[in-house]
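This is what each chain is made of:
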2 protein chains.
Amino acid sequence: MASLPAGVGWRLLSSLVLCLWLSAAAHAATHHHEWEISYQFKSPDCVRKLAVTINGQSPGPTIRATQGDTIVVRVNNSLLTENVAIHWHGIRQIGTPWADGTEGVTQCPILPGDAFTYTFAVDRPGTYMYHAHYGMQRSAGLYGMIIVAAAPGGPDAEPFAYDGEHAVLLNDWWHDSVYEQAAGLASVPMRWVGEPHSLLLNGRGRFNCSAVAAEGTCNATLPECDAPVFDVVPGKTYRFRIGSLTSLCALNFEIEGHPMTVVEADGHYVKPFVVNNLNIYSGETYSVLIKANQDPSRNYWLASNVVSRKPGTPTGTAILSYAAGGRSPPPTTPPTGPAWNDTMYRFQQSVATVAHPAHVEPPPPRAGRTLLLLNTQNKIDGRVRWALNNVSFKLPHTPYLVALKRGLLGAFDQRPPPETYEHQSYNIYDPPPNPNATSSDGLYRLAFGSVVDVVLQNANMLAANNSETHPWHLHGHDFWVLGYGIGRFDPAVHPASYNLKDPILKNTVAVHPYGWTALRFKADNPGVWAFHCHIEAHFFMGMGIVFEEGLERVAELPGEIMGCGKTKGGRH
Amino acid sequence: MASLPAGVGWRLLSSLVLCLWLSAAAHAATHHHEWEISYQFKSPDCVRKLAVTINGQSPGPTIRATQGDTIVVRVNNSLLTENVAIHWHGIRQIGTPWADGTEGVTQCPILPGDAFTYTFAVDRPGTYMYHAHYGMQRSAGLYGMIIVAAAPGGPDAEPFAYDGEHAVLLNDWWHDSVYEQAAGLASVPMRWVGEPHSLLLNGRGRFNCSAVAAEGTCNATLPECDAPVFDVVPGKTYRFRIGSLTSLCALNFEIEGHPMTVVEADGHYVKPFVVNNLNIYSGETYSVLIKANQDPSRNYWLASNVVSRKPGTPTGTAILSYAAGGRSPPPTTPPTGPAWNDTMYRFQQSVATVAHPAHVEPPPPRAGRTLLLLNTQNKIDGRVRWALNNVSFKLPHTPYLVALKRGLLGAFDQRPPPETYEHQSYNIYDPPPNPNATSSDGLYRLAFGSVVDVVLQNANMLAANNSETHPWHLHGHDFWVLGYGIGRFDPAVHPASYNLKDPILKNTVAVHPYGWTALRFKADNPGVWAFHCHIEAHFFMGMGIVFEEGLERVAELPGEIMGCGKTKGGRH
């Protein structure tokens, strides 16, 4: 564990304590997983569709481990003509930046017939996820959950108690293939796939078979699309680990009649607060506690509803089952969630999410560098794209990690993207006055150990009166969420209101419609790290950037991350 | 042109003459093509579907050149997550075995974002084709035609005259994606995609929109699916170049009211014979001459019909237009072809195809080695597979060409597959008594310059009373077609009846239901060459073998064919 990041003050101390403690612990284990990736016909919402599966399953198996353990996943690509790469979402990959699984950033894709072994440590307890990070492949079904238990008796022990635990992985689902979705996005004019056909809970949904065009492809009697059932015993307290890997939708999750106490977010303990329903954005995880204290003679709905977009998808459902209720559906109509366009409701829940008092990691008091990133929808060569400061991101064909470490000139644009925009004059409530953007695969190089602030400023899209929620996910780090606002961010005013006392650490955070979100992180993890909107289509359309830091501290790269672009055919 | 194969007797002389003649020719040109491979929404039969396109087109552009020219095609893979490789069907790749485009045999696949340059000579005139040779990608639309004119005044000048020329490329087409097709074939039980939805002529067909399930996906008014029109002037003679790249179907091609004189097959001149309709198998090309001598006040159908399988697909059509008829459809019903199950009709046309008297290349009088290959349908681990002598072929992940040239042990099974089967006792009219097969990526190594006979023996499939036509295609060579039979091949009897006088040279030949086909070739082209059933699903399911010859004469391999399997990441 000597590879834990060098920190300062409390953080350093905390790390050292954990490090010593983990070193002394005799129980750290290595978990080996052998995965085969293949296309299989699946009917997650009763409608048959090809899905990318792990060992025949979508979602894939849940990885379970204890803090300090090592995970080894050998990924065998049995797709026919398609490559693959798998990202371990929320795992910082300290000392193993080549195992982050981000195609174009940290590795070349894994070819059909090839295998790739991901080896990484899970150094913190919490709820994490994994998913394909190549093209829009995540939407094809390659995703799953990682659950890391706190090391028994360690400093990261949970500051809450419960009797049982359940896990719920949320997703949205289309009957169109990801090829159709991606080709449509890249078409001129854009051919939008439309709202999801279904919302899935643990890979299961329920489409209305009578609405399916192609005969014989929908079968509502398949056990495969039975509603998931979560058993509870009256009087007991349950932890629900909830993750979202939607391609598109912001969701609201509710357990009918059971208020939820939020206790964990993205692997960090939260100052407990109670909600009737939880807003969750793609890339986020939460743990909530519920008490099974309702009438035990019946069952209750788990419900997933679209928010932030006008919903065109039925509620996703599962069943909370008290033993007396058996597996039967509740007698009620599933909750429909809050008003989809109640931005302030969601905003307030974001703001309410702060660090647990006993687990505050204070942020550095100030940043050495600040990036102001204006999130806009633009056009390039007639194609709709997303851009930051008018630059739309494109992945290079040689992974940055290899290109930078080996000095492969010409692998990407050496000019860094802009650090700011005309924040004084840009009207975020109007469509972009000049929708034309440029595209670039340039990246931001950060001084190792420096403190970086990023302010994500949302704005109006190409169409008037439209601004979407963007969940931004940072690889290789957690960041402190210093503040949120609605409206124009003013660097002369708003930083004074940052929460430096107990900001939550997260790896994914929402930028609300017409809003801004400020975050801070320490560039202390040697490697190259993507930072992007977690909406699959948005990153595909350019809504991301990349950071490099401490490259000189990265150990020798494993050969298996190479094989594409300038590393093809033994050239390097 | 010093890389022409060393021949014997007439063949050597012929080669030398051509060689000297071509060297003296000042007009040999190099044709550069820049191709971008991408998915695009296409409606080849009026039904919208994603197709793999070349520069936005499917079929791709026709490559035109003159004998002796060099073709340079730079292939840029703009697919999102999918690799690609392109085979130049019928081009022998003498001296350039790495440009054959056969994934797993001669190259690693081309990754998204990468480019690969194919450079090869077209040393003979004739009608050839190109298509993807990776997974079942050919069926996704990546295919086209290569037309090589005879060098003016050279020894290969055409022994026939005509006033104009048309090209017709035939295909079959499904609305299901190749992913669905392939996943279905690999499923247990097998999920068969069914008969093609349409037959295409030059990439155009016509599906009945009222039979399409998904609303809005069929549009019969799209110019894209208008019937192709071929203009003729009364009294003139036209050469029609006809190629088939069907995934599945044996076809019968007819030009209503216009008998066809067959003059070329697979780039070799045929002793002219007249047919009312032409049987053509996937991978074959023919040239026919027709005289525009019918009533010029109307138009006539070109028709493509399924044979050898019970048809479940409407006739594919195009229009032969006399000027007076404009673009209007003929007043008649399109020809429906011969009885689909008239094997003898097709057999006789195969037998009738022999070399043009002035262009006979006599085969070597005897072979040094004979392979007897029993073609059967089998099962492996519950999956339906095809096998030769009970061995089902699987491609290795490291291309043979690289593995053999660099001595990469363990890249494939070093044990060669069997050379024969129990030909005395095997009853070809019954389903296989033991349907279990093994799979292997072993190959046959041939002595350089040796003469090899291959007898392909067809048999009953897994289901009783079923035997299909298999069109076998050899890479890197033409072979002499020495004989055909229906029934059991007897090596003690049938070779005496071989046609050694004027056998046609071809690169693709049909093995008829319950029949056998005997062919001979000279192992004089240094490289590694696939030999397989050209039905896309059949090769995918194991119906192929591979030959190596003269590997020590292969020049240094270009780095760009590497990057997968044991050549990944600079290991070799």
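Residues numbered from 1 in each chain as written. Chains lettered and ligands numbered in written order. Predicted model: local features only at pLDDT ≥ 70, side-chain atom pairs only at ≥ 80, totals over all residues. Heavy atoms only, no water.

The name given to chain A in an unreviewed UniProt entry is L-ascorbate oxidase, with the source organism recorded as Urochloa decumbens. UniProt's Subcellular location (unreviewed entry) comment on chain A is quoted here verbatim: "Secreted". Here is the UniProt Subunit (unreviewed entry) comment for chain A, exactly as written: "Dimer." (UniProt positions renumbered as here; feature names shortened; annotations may be inferred.)

(A) Expanded view of the relation of the copies chain A and chain B. With an axial shift of 0.0 Å and an RMSD of 0.0 Å, the rotation relating chain A to chain B amounts to 180°. Taken together, the turn and the small shift mark the pair as related by a two-fold rotation axis. Comparing interface residues between copies, 100% of those in chain A also sit at the interface in chain B, which points to an isologous, same-surface contact. (Least-squares fit on C-alpha atoms with pLDDT ≥ 70 in both. Contact = heavy atoms within 4.5 Å.)

(B) Representation of the UniProt feature "domain: Plastocyanin-like" (unreviewed entry) in chain A in the model. All names here are of chain A. Mapped onto this structure's residue numbering, the UniProt feature "domain: Plastocyanin-like" (unreviewed entry) falls at residues 41-150, 166-323 and 426-549. A helix fraction of 0% and a strand fraction of 41% characterise residues 41-150, whose end C-alpha atoms lie 37 Å from each other. A helix fraction of 4% and a strand fraction of 43% characterise residues 426-549, whose end C-alpha atoms lie 31 Å from each other. (Helix = DSSP H or I, 4+ residues; strand = E, 2+ residues; numbered from the N terminus.)

(C) Region of interest: the pattern of salt bridges. Per the stated rule, a full pass over the model turns up 44 salt bridges over all chains. Linking Arg369 of chain B and Glu419 of chain B is a salt bridge whose minimum nitrogen-to-oxygen distance equals 2.4 Å. One end of the pair, Arg369 of chain B, is in strand 20 (residues 369-380); the other, Glu419 of chain B, is in the loop between helix 4 (400-405) and strand 23 (438-440), and 50 residues separate them in sequence. Residue Arg369 of chain B is classed as partly exposed on the basis of its relative accessible area of 23%. Judged by relative accessible area, which is 29%, Glu419 of chain B ranks as partly exposed. Residue Glu548 of chain B pairs with Arg445 of chain B through a salt bridge whose shortest N-O separation is 3.0 Å. Here the residue Glu548 of chain B occupies a position in strand 32 (residues 544-549), and Arg445 of chain B occupies one in strand 24 (residues 444-446), the gap between them amounting to 103 residues. Assessed through its relative accessible area of 5%, Glu548 of chain B is described here as buried. The exposure class of Arg445 of chain B is partly exposed, given its relative accessible area of 43%. Several salt bridges share partner residues, and in doing so they unite Glu158, Glu165, Arg239, Arg241 and Glu264 of chain A into one network. (Salt bridge = Lys/Arg side-chain N within 4 Å of Asp/Glu carboxyl O. Buried < 20%, exposed > 50% of the residue type's maximum accessible area, 1.4 Å probe, protein only.)

(D) Here's a closer look at the interface of chain A and chain B. Counting residues at the interface gives 37 residues for chain A and 37 residues for chain B. Summed over both sides, the interface of chain A with chain B buries roughly 3,200 Å², with 63% coming from carbon and sulfur. The tally of links between chain A and chain B comes to 12 residue pairs in polar contact (both at pLDDT 80 or more). Put simply, the parts of the chain that give the side of chain A that touches chain B at least two residues each are strand 1 (30-42) and helix 2 (178-185) of chain A. (Buried area = accessible area lost by both parts, 1.4 Å probe. Polar contact = N/O pair within 3.5 Å; in protein donor to acceptor, adjacent residues only side chain to side chain.)

(E) View of helix 2 of chain A. Burial of helix 2 of chain A is extensive: 7 of the 8 residues sit out of reach of the surface. Those residues of helix 2 of chain A that fall on the buried side of the exposure criterion are Val178, Tyr179, Gln181, Ala182, Ala183, Gly184 and Leu185 of chain A.

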